[in-house]
Amino acid sequence: AAAALQRALAPAGVTVRAVALPDENGPADLYATLPAIEALHNQIGIDEAVLLRGVRGAFTLGQNFVDASGAGQPSFLHSYGAFGTGINGGDFFPHWVKARRHGLGVGLDDFSLTATAAHNGRLFLPDEASEIYGRSDYGYHLPAAAYAKSLKAIARHLGVEIFETTGVAVERGGDGIAALLIDEGGRIESALFADLTREGLLREALGGAFEAWAMPGDRMLTALAPRFAALPVYAEIRAGADGWTGLFPSLTHTHVVHVFSGAATSDEAALQAAAVASGLALEAATIRALAPGVASAPWAGNVVGLGEAACSFDPIHGLGLHGLQLGIVHLLGVYPAEGDGYAARRAEYNRIMRSHFARVADFQAAHHKLQKYAGPFWDAARGVPVSDELADMIDFFRARGELAPQEDESLPPDSWRALFTGHGIVPESWRPAVDRVPPDEVTVHFRKMLGFVREQVLRQPAHDAYLARILQRPHG
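Residues numbered from 1 in each chain as written. Predicted model: local features only at pLDDT ≥ 70, side-chain atom pairs only at ≥ 80, totals over all residues. Heavy atoms only, no water.

1. Re the packing of helix α3 (residues 48-55) against helix α7 (residues 144-157)
Threshold: Only the contacting stretch of a helix is used when fitting its axis, a line to C-alpha atoms as for every element, and angles between N-to-C directions run 0 to 180 degrees. What counts as a helix is a DSSP run of H or I of at least four residues, what counts as a strand is a run of E of at least two, and both are numbered from the N terminus. An angle counts as roughly parallel when it lies under 35 degrees, as roughly antiparallel when it exceeds 145, as roughly perpendicular when it falls between 65 and 115, and as oblique in every other case. In a left-handed crossing the near helix is turned counterclockwise from the far helix by less than a right angle, and in a right-handed crossing that turn is clockwise. Whether two residues are in contact is decided by their heavy atoms: any pair within 4.5 Å suffices. Three classes are used, and their members are as follows: Ala, Val, Leu, Ile, Met, Phe, Trp, Tyr, Cys and Pro are nonpolar, Asp, Glu, Lys and Arg are charged, and the others, Gly among them, are polar.
At a minimum axis separation of 9 Å, α3 and α7 run at an interaxial angle of 130 degrees. Judged by the angle between their axes, α3 and α7 are oblique. Where α3 crosses over α7, the handedness of that crossing is right-handed. When α3 is examined against α7, the residues L51, G54 and V55 are found in contact with a partner set consisting of A146, Y147 and S150. Of the residues assigned to the contact of α3 with α7, the class counts are four nonpolar, two polar and no charged.

Structure (structure tokens):
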């Protein structure tokens, strides 16, 4: 956040300073990112190869959801890319829906460059031909402590003054904060403060409220395990009876996350469940509280909450840095933060951010609502109420295979399609315009798509091979 704000605002004469509390990240903590993080990395000048060399991270093409609860729900992949390409100027998806209703046995993933690559253990590197076909994206698995260290060095290089401190106190002033008090009598004044603490320290100092979201899990275990012999190019989310276990590969380890309900499962039982579900020897295990929710006012007084101080998500879909990125982008959109219209800009920021966070939360709520896993954890998940917007969206998709337009949506339509179809929603109908294209013509298009996808994927490198190539130090 400091690096991005410095890069954007320094030309306007704004000074950005960072107060760094002791790093809370343990060796097992990892950030699973969505492809959109590339825009933020580009803004602050991060080179992909240098980043992955430094943090020992890996690529990811999505998340594979597996039923380990015994319910028999088929696995599905939420891949980071588009499904199919346009047919006669129209969307591919309704043609696939119609074909499935008429007996097509080819799944949605077979029309996706990224999904097919992931299933075949290959990375997918976009080029001009693939971009014409459809979007093909990747994210990263970034060990958190090394990533934070790298970002701190970048922020300092960009001119951010960093104050290391073991603790911080707040000096109130008016309806906001006048200064932060740090070690050895340090006092830092600012016109605007950004709170990026997990617990929202500055928000709490102003009496700001945090609204909890109803989620089945309130405890999270993280641990390290040995890396796989052949590095998968996706994360795997295994649903057990009492929670879910995520396996997130990095270059040197497999990072294991296990989310469960503290009321139903002891920490000792959760550790055993994570070991069984992963099938791996665990080390460096830590357990902490998990409290998904949103700040009533992400921007209160002269304090802007960013990241977990504004909104905390269930870690299942790797949305943490996505929430932070949304906050940074929209803060820059309403800056400057003083002068005429200050209150109006603050109110608009809060409206936009609450709306964006609600849409992302709906994506997670849809997963909990639609899954058919067995066990008390998942029974509780299905019982959690969903928003009216999400209920309408599910009904609309089930009826016509379309996604009702939503304001402030930040996840791509294909992510919603992967989620809905993965959980077994088969649309009952499709757009009437699809019927104007003769079935034989659609069949020809489908065969061309499948051939193109196979041809492109066979050209792609294995995950390990590509990492080995870019992790070599450059010559000269």
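2. A short note on the packing of aromatic side chains
Here is the rule we go by: A pair of aromatic rings is counted whenever rings of Phe, Tyr or Trp (Trp by its six-membered ring) have centres within 6.5 Å, and the orientation is called stacked for planes under 30 degrees apart, edge-to-face for over 60 and tilted otherwise. Each residue is placed in one exposure class: buried if its accessible area under a 1.4 Å probe, protein chains only, is under 20% of its type's maximum, exposed if it is over 50%, and partly exposed if it falls in between.
What the rule picks out here adds up to 21 aromatic pairs. Consider the rings of F59 and Y140, whose centres lie 5.8 Å apart with planes at 40 degrees: the pair is tilted. Pair noted here: F59 is in strand β3 (residues 58-60) and Y140 is in strand β6 (residues 139-143), with a separation of 81 residues, a long-range link. The exposure class assigned to F59 is buried, which follows from its relative accessible area of 0%. Among the aromatic residues, ring-to-ring pairing joins F93, W96, F363, F397, W416 and F420 into one connected group.

3. Looking at helix α16 (residues 463-471)
Here is the rule we go by: Comment: arc refers to directions from the helix axis out to C-beta atoms.
Residues H463, Y466, L467, I470 and L471 constitute the buried set of α16. Considered in projection along α16, the buried side chains sweep an arc of 125 degrees and stay on one side of the axis. Buried-residue contacts for α16 involve α3 and β3.

4. What about the pattern of salt bridges?
Cut-off, in case you're wondering: Whenever Lys or Arg places a side-chain nitrogen within 4 Å of a carboxyl oxygen from Asp or Glu, that contact is recorded as a salt bridge.
What the rule picks out here adds up to 24 salt bridges. E164 is the partner of K152 in a salt bridge, and the nearest nitrogen-oxygen pair spans 3.3 Å. One end of the pair, K152, is in helix α7; the other, E164, is in strand β7 (residues 161-164), with twelve residues separating them in the sequence. Residue classification places K152 among the partly exposed residues on the basis of a relative accessible area of 30%.

5. Let's talk about the sheet that holds strand β12 (residues 210-212)
Applied cut-off: By definition, two strands form a pair when at least two bridges between them are found by DSSP.
The sheet built from three strands is open, its strands ordered β12-β18-β21 with antiparallel pairing. Two strands close off the open sheet at either side, each with one partner strand: β12 and β21 (311-312). Bridging between β12 and strand β18 (residues 293-295) involves three bridges; their strand directions are antiparallel. Its bridge partner being in β18, E211 is matched across the sheet by V294.

6. Focus on the environment of P315
Summarising the element assignment, P315 is placed in the loop between β21 and α10 (320-334). Taking the C-alpha atoms as reference points, P315 and Y31, separated by 284 residues in sequence, lie 9.2 Å from one another. In contact with P315, other than residues within four places in its own chain, are M220, W244, V257, V259 and L290.

7. A look at the side chain of K98
This is how the line gets drawn: Under this definition, polar contacts are N or O atom pairs within 3.5 Å; protein pairs additionally need one hydrogen-donor-capable and one acceptor-capable atom, and for neighbouring residues in sequence, both atoms have to be side-chain atoms.
With respect to the helices, strands and loops of the structure, K98 is situated in helix α4 (residues 92-101). Judged by relative accessible area, K98 falls into the buried class, the value being 17%. Side-chain polar atoms of K98 contact the side chain of D435, separated by 2.9 Å. In contact with K98, not counting residues within four places along its chain, are W430, V434 and D435.

8. Some remarks on helix α14 (residues 413-422)
With respect to burial, α14 is a largely interior element, nine of its ten residues being buried. Among the residues making up α14, those that are buried are D414, S415, W416, R417, A418, L419, F420, T421 and G422. For α14, the secondary structure elements touched by its buried residues are β5 (76-79), α4, α11 (342-370) and α13 (388-400). Directly beyond the C-terminal end of α14, a positive phi value near 90 degrees is found at G424.

9. Things to note about the side chain of T254
Its location among the elements puts T254 in strand β16 (residues 253-260). Take T254: its relative accessible area is 0%, and that puts it in the buried class. Among the polar contacts made by the side chain of T254, one reaches the main-chain carbonyl oxygen of P226 at a distance of 2.9 Å. When residues no more than four places from it in sequence are discounted, the contact partners of T254 are A223, L224, A225, P226, R227, F228, L247, F248, P249 and L280.

10. Topic: the nonpolar core
Counted only if it meets this: By nonpolar core we mean a set of buried residues, namely Ala, Val, Leu, Ile, Met, Phe, Trp, Tyr and Cys, connected to one another through side-chain atoms within 4.5 Å.
If you look at the biggest cluster of nonpolar residues, it comprises 112 residues, and the most contacted ones within it are F59, L331, F420, F446 and L467. Per element, the largest residue contribution to this core is nine residues, and it comes from α11. Judged by nonpolar contacts, the second largest core, of six residues, contains I177, L180, L206 and V303.

Don't take any of this as a statement about function, it's just geometry.
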